[in-house]
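# Fold and geometry: a report
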Amino acid sequence: MVNPTTRSERGDELPQGGDAPLPAVRRRRFLTYLVAAPALTVAAKMGLDSAASPAAEAIPSLPQLPEVYDLGDLIKLSCEPTKDMLVLEVDKDGTVRLFLPRMEVGQGITTAAAMLVAEEMDVPLSKVEIPLSDARPELIWNQLTGGSSTIRTVYEPIRNAAASARTSMVAAASKKYGLPAEELTTRDGAVIAPNGSVYPFGSLTAYAANAELPKLAVKTKSSSEFKLIGKKTDRIDARKMVTGQMEYTLDLDVPGAMPTMVRRPPTIQGSPKEILNEDEIRAMPGVIDIAMVATGVAVMAETFGQALDAKDALEVNWNPGTIDGLSNEDIKARLSAAAVPFTVPSGLTDFIDAEFDFAPVSHAPLETNTAIADVRSDRAEIWSGLKIPIIALQNIAQEVGLSEDAVTVHVVQSGGSFGRRLFHDGALEAARISKAMGKPVKLLWTRVDDMRHGRIRGASHHKVRATFASNQVLSYEHRVASVKTDWRHGFGEAITAAGAEGIGNLGYTQTIFNMTVECPYNFGAVTEVINEPENVILNTSAWRSVYSAMTRGAEEIIVDEIAAKLGKDPYEFRREFLKTDEARAVLEKVAVEGKWGKNMPDGHAQGIAYHQEYRSRTACLMEMDATDPKNPRVYKATIAVDVGRPINPTGLQAQMISGMTDAIATMHRAGLHFEDGLPLEGSYSQFHYARQKNSPIDVRVFVMPPNREEPGGSGELGVPASAGAFGCAYARATGTKPRSFPINFDVDFEPFPR
Amino acid sequence: MPNYTFTVNGKSVTVDAPADLAMLWVLRDKLGVKGPKYGCGIDVCKACTSHLDGDAFNPCQTPVSECDGREVTTIEGLANGDELHPVQEAWLEEDVAQCGYCQPGQIMAAVALLKKTKNPTDEDIDAIENVCRCGTYFRIREAIKKAAAAMR
């Protein structure tokens, strides 16, 4: 149970350790609040990859933007001004609590954050807690969980905060017991005196908070001193999860917040006009209240079961939406027409032209959109899973007519996101309903609504042209046309704020595309361009790996086809044409460990692919049985991953397995059919996300040893290489050229009513 | 409204509810037992998997009237105090959970499988239909095998 007033009731008001104001965070026992302002180090990564020697024969390609400066660098820069404004506290029982201004949705970032704190503070991991910060508007852009940027953006700040806290403990012990600071050490959550006396941090915390402490230099550990960082570590929240004690938004007890559901329009972005049977619905068992809001008609009841029955019984007249009448084929035609033309003519040399289509895909996190909202005349309190809670707070304040100071937004750990919770649709809707009803609201989207009206990855169409002669690739062109991705959750503004416009003065989409998607091979003249036409507007949000899964997945399939044209083995060809030795290292790892080239039965094949992004690299080798071409089974996968500086190899492996499963699902069977302005799919029996029977029986993930100081990103890294490996294995096993994904995309169900 | 009496995790409870109200909402909204999760409401995601008289069942599609006089066990009732069930232990050893939302259902499904099939084959494990949207399937498979070994 969470008591919503916990935060204001707790806390002996003690002075804070730093000297900066602390508007949105209530002070408690001992607090460090760091406002260091180190110099910006924007260009430190310049030429990191492009400096490596290209393969001897291939025609080197000019470095693409992500090699020099990628999206994560930009997000990091946007966090820079507030990066050290972390809140860390030490309780009298020695518990260390770091309030993480990021969102845990399964990536394992709270565990990684706890490891960083434990490492730098010299406390046992079991004594570290990582609650998620409420929305803290003073952090500006530094409370955004996306772009695989969490570890990249918090690695140094959390270590600085923890090292600073440890130093404060030493200073407190030094002053309290009159011991020279330089003779004190720390271990297992305590300061150790030269005579062996042990002073637990918990016994020093009140003193540290009150005393005028000597100023000591704060120094983080060098990587050679790490005892915990880089060591396999289990999730800190695993026990709660396996015992059913983990609390998600709807598991919280907020007094008076009653179950609420919304009847939604029959087409995307439609809106309610009038309710035809309100009296009848109000008389149904358990029904408490009804309210019309912008997105539909809300019903509150004693139980969710009763709310569901009542909302299904509602009769409502609706206004049209944005894509009424539009179906998948229409969307595909509009995308195909929107692809920017190639610049290199075909016919002068050998060439491959190919077109790919990727179906729309729901994020479909297992926890649907949920939120609790308590909107009063003078204040509002919100609980929800929010990856950009500051924008949610600002937006909700504006919507319900309150000042931002009057709105509190609690970030609740959630059941998956995959990009969905970048937006705050559930929280905003719950706030509107709470205001309309004048009651606290506990909102649950049904699965059907979440899949049909929730945000998705829109369809994309790809045109690819590769030209080659003798043993060289002369050019590689890739034109993407995608359903418009909605960046209005603040991520776009963060990027513009950090100066992205200066980079090319492009829209968010082209900027993000340019800063994430790169061809890792020396393919001569490489151009990759995206266009998102304005004539298909539906509910979208970046989906794990954004444009890369499709763009790079398709590219890896073409890489195999170029290799075949040049009479080369797919692995040897990649090895030769990859730009860097670091890239070759992960590719070689999977080839060796996965036994590339071994004999396979008829209808079976291996597929190999490579991907780099977020300053990390990965390769995947899959073995597939496609004797039933509609239902191929990947039964073995070998993955290698190089993030430069792994924090928790166990968590990193989990992310790679997870990304691989996403790739298998979306390449094999998971997609949405739009028909007359709404997806037909309404549940997992129709949107075929992978099940156990689609998952490999043998998966091995090899984490490459540290080779840099700074960690790269990994949350989305696993999808594109696995998508490529799937496509290549399928092509080789079936002797086909797969062009449309998912490959098995039949409507094999009776759709639910609208 | 009629009264129904049954046990939840060993404790007898009586609830006043419409006969057709799904057990998921009886457990969650009336009894405050929140381990079983809503994921679909139509028995396809299996996130709410629990046990009825020891067999796996999905409370989202089981009316409360069907549970009258019977024994309901949810994820909260699986451990013996602080002593976890071997399947829960295996889940910790393999560090299975990511977002964790489906895992109570996955664990209850695995316990039900192992009760009937001491040495499950890969095909037996493939037959588990519970959706894990984080795609932890490989670790689930490994954990089931590990738990099966531990329970032999």
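Residues numbered from 1 in each chain as written. Chains lettered and ligands numbered in written order. Predicted model: local features only at pLDDT ≥ 70, side-chain atom pairs only at ≥ 80, totals over all residues.

## What about the overall build of chain B?
- What chain B contains, in helices and strands, is five helices and five strands.
- For chain B, the N- to C-terminal ordering of α and β elements is β-β-α-β-β-β-α-α-α-α.
- With respect to the three principal axes, the spread of C-alpha positions in chain B is 45 × 30 × 25 Å.
- Per-residue burial for chain B yields a buried fraction of 57% across its 152 residues.
- For chain B, contacts bridging at least 24 residues in sequence account for 62% of all contacts bridging at least 6. (Helix = DSSP H or I, 4+ residues; strand = E, 2+ residues; numbered from the N terminus. Buried ≥ 20, exposed ≤ 12 C-beta atoms within 10 Å, placed from the backbone. Contact = placed C-beta atoms within 7 Å.)

## Remarks on the overall build of chain A
- In terms of helices and strands, chain A carries 21 helices and 29 strands.
- Relative to the 2.2 N^0.38 estimate, which gives 27 Å for 754 residues, the radius of gyration of chain A is 27 Å and therefore close to what a compact globule would have.
- Along the first, second and third principal axes, the C-alpha atoms of chain A reach 80 × 75 × 50 Å.
- Buried positions account for 59% of the 754 residues belonging to chain A. (Rg over C-alpha atoms; globule rule 2.2 N^0.38 Å.)

## Regarding the nonpolar core
Residue and element names in this part refer to chain A.
- Core analysis: the largest hydrophobic core is formed by 276 residues, its most contacted members being Ala113, Val117, Val299 and Cys620.
- The element contributing the most residues to this core is helix α5 (residues 150-177), with 12 residues.
- Ignoring sequence-local partners within four residues, the contact set of Val299 consists of Thr260, Met261, Ile281, Val287, Ile290, Ala307, Ala310, Lys311 and Leu314. (Core = buried A, V, L, I, M, F, W, Y, C linked by C-beta atoms within 7 Å.)

## Digging into the packing of α5(A) against helix α6 (residues 201-210) of chain A
Residue and element names in this part refer to chain A.
- α6 packs onto α5 with a crossing angle of 80° between their chain directions and a minimal axis gap of 9 Å. The orientation of α5 with respect to α6, classified from their angle, is roughly perpendicular. Mapping the contact onto sequence places Ser168, Met169, Ala172, Ala173 and Lys176 in α5 and Phe201, Leu204, Tyr207 and Ala208 in α6.
- Its residues assigned to classes, the contact of α5 with α6 comprises seven nonpolar, one polar and one charged. (Axes fitted to C-alpha atoms, helices over the stretch in contact; angles between N-to-C directions. Parallel < 35°, antiparallel > 145°, perpendicular 65-115°, else oblique. Nonpolar A, V, L, I, M, F, W, Y, C, P; charged D, E, K, R; others polar.)

## Some details on the interface of chain A and chain B
- Across the contact, 46 residues belong to chain A and 48 residues belong to chain B.
- Among the secondary structure elements, those contributing two or more residues to the side of chain A that touches chain B are α7 (238-243), α9 (304-313) and α20 (649-668) of chain A.
- Take the side of chain A that touches chain B: its biggest share by element is six residues, from α20(A).
- Partitioned by chemical class, the residues of the side of chain A that touches chain B number 21 nonpolar, 16 polar and nine charged.

## A few points about the environment of A:Ala58
All names here are of chain A.
- Mapped onto the secondary structure, Ala58 falls in the loop between β1 (31-33) and α2 (65-68).
- The partly exposed category is assigned to Ala58, around which 19 C-beta atoms lie within 10 Å.
- With 417 residues separating them in the primary sequence, Ala58 and Ser475 have C-alpha atoms 11 Å apart.
- Beyond its immediate sequence surroundings of up to four residues, Ala58 is in contact with Gln472, Val473, Asn522, Glu576 and Phe577.

## Comments concerning the confidence of the model for chain B
- For chain B, per-residue confidence averages 97 on the pLDDT scale, and residues scoring 70 or more make up 100% of the total.
- Of the two predicted TM-score estimates for the complex, the pTM is 0.93 and the ipTM is 0.98. (pLDDT = per-residue confidence, 0-100.)

## As for the sheet that holds strand β5 (residues 71-73) of chain B
All names here are of chain B.
- Read across the open sheet, the five strands follow the order β2-β1-β5-β3-β4; overall the sheet is mixed. The open sheet has two free edges, formed respectively by β2 (11-16) and β4 (55-57), since each of these has just one partner strand. Sheet twist, expressed as the mean angle between neighbouring strand axes with direction ignored, is 40°.
- With two bridges connecting them, strand β1 (residues 3-8) and β5 associate as parallel partners. In the sheet register, Thr7 faces β5, and the bridge partner there is Glu71.
- Along the sheet, helix α3 (residues 103-116) makes contact with β3 (50-52) and β4, crossing β4 at roughly 150°. (Pairing = 2+ DSSP bridges.)

## Concerning the domain arrangement of chain A
All names here are of chain A.
- As far as domains go, chain A holds domain 1 (6-243), domain 2 (252-322 + 369-444) and domain 3 (330-361 + 455-741).
- Contact with domain 1, which involves 39 residues of that partner, is made by 47 residues of domain 3.
- Of all the secondary structure elements, the ones that give two or more residues to the side of domain 1 that touches domain 3 are α2, α3 (71-79), α4 (109-121) and α5.
- The greatest single-element share of the side of domain 1 that touches domain 3, amounting to six residues, is contributed by α3.
- A class-by-class count of the residues in the side of domain 1 that touches domain 3 yields 19 nonpolar, 13 polar and seven charged. (Domains from an automatic or database assignment.)

## A few points about the sheet that holds strand β10 (residues 287-293) of chain A
All names here are of chain A.
- In space, the seven strands of this open sheet follow the order β10-β11-β8-β18-β15-β16-β17, with mixed pairing throughout. Looking at the sheet topology across the chains shown, the edges are occupied by β10 and β17 (407-411). Ignoring strand direction, the axes of neighbouring strands in this sheet form an average angle of 20°.
- By the bridge criterion, five bridges tie strand β16 (residues 380-384) to β17 in an arrangement that is parallel. Note on β17: the bridge partner recorded for Ala380 is Val407.

## Topic: the confidence of the model for chain A
All names here are of chain A.
- Across chain A, the average pLDDT comes to 90, with 90% of residues at 70 or higher.
- A low-confidence stretch, residues 1-56 (pLDDT under 50), is modelled with 100 contacts involving residues beyond four sequence positions or located in other chains.
- In the model, residues 501-505 has pLDDT below 50 throughout and makes four contacts with residues more than four positions away in sequence or in other chains.

## Remarks on helix α19 (residues 581-593) of chain A
All names here are of chain A.
- End to end, α19 covers 18 Å across 13 residues, agreeing with the expected 18 Å (1.5 Å per residue, within 8%).
- In this fold, the buried residues of α19 make contact with α18 (570-577), β23 (604-613), β24 (616-625), β25 (633-642) and β28 (698-703).
- A positive backbone phi angle near 55° is found at Lys595, which sits one or two residues after α19. (Expected span 1.5 Å × (residues − 1).)

## Thoughts on the domain arrangement of chain B
Residue and element names in this part refer to chain B.
- Here chain B is described as being made up of domain 1 (3-77) and domain 2 (86-151).
- Taking the mean C-alpha position of each, domain 1 and domain 2 sit 21 Å from one another.
- Contacts between the two partners involve 15 residues from domain 1, matched on the other side by 12 residues from domain 2.
- Counting residues per element, the ones that place at least two in the side of domain 1 that touches domain 2 are β3 and β4.
- The class makeup of the residues in the side of domain 1 that touches domain 2 is six nonpolar, six polar and three charged.

## Side note on the pairing of strand β18 (residues 441-444) of chain A
All names here are of chain A.
- Burial along β18 is two-sided: Val441 and Leu443 and Lys442 and Leu444, pointing in opposite directions, are all buried.
- The pairing of strand β8 (residues 258-263) with β18 spans three bridges and is classified as parallel. Note that in β18 the partner of Pro259 across the bridge is Lys442.
- Across four bridges, the pairing between strand β15 (residues 370-375) and β18 is antiparallel. Looking across to β18, one finds that Ala371 is bridged to Leu443.

## Details of unusual backbone geometry
- That bond from A:Phe741 to A:Pro742 is cis: its omega, 0°, falls within 30 degrees of zero.
- Relative to the elements of secondary structure, A:Pro742 occurs in the segment after β29 (740-741).
- A positive phi angle is found at B:Asp95, which is not glycine, with a value near 50°.
- Within the fold, B:Asp95 resides in the loop between α2 (86-93) and α3.
- Residue classification places B:Asp95 among the buried residues on the basis of 22 C-beta atoms within 10 Å.

## Quick look at α6(A)
- For α6(A), the set of buried residues is A:Phe201, A:Gly202, A:Leu204, A:Thr205, A:Ala208 and A:Ala209. For α6(A), the angular spread of the buried residues around the axis is 145°, confining them to a single face. (Arc of directions from axis to C-beta.)

## A few points about the environment of A:Lys636
All names here are of chain A.
- Locating Lys636 in the fold gives a position in strand β25.
- C-beta crowding within 10 Å serves as the criterion here: with 18 such atoms nearby, Lys636 is assigned to the partly exposed category.
- If we skip the residues at most four places from it in the chain, Lys636 touches Glu623, Pro696 and Asp698.

## Observations regarding the environment of A:Gly72
Residue and element names in this part refer to chain A.
- Inspection of the secondary structure puts Gly72 in helix α3.
- Classification of Gly72 as buried rests on a count of 25 C-beta atoms within 10 Å.
- Contact partners of Gly72, with chain neighbours within four places excluded, come to Gly147, Ser148, Ser149, Arg152, Tyr614, Arg615 and Gly713.

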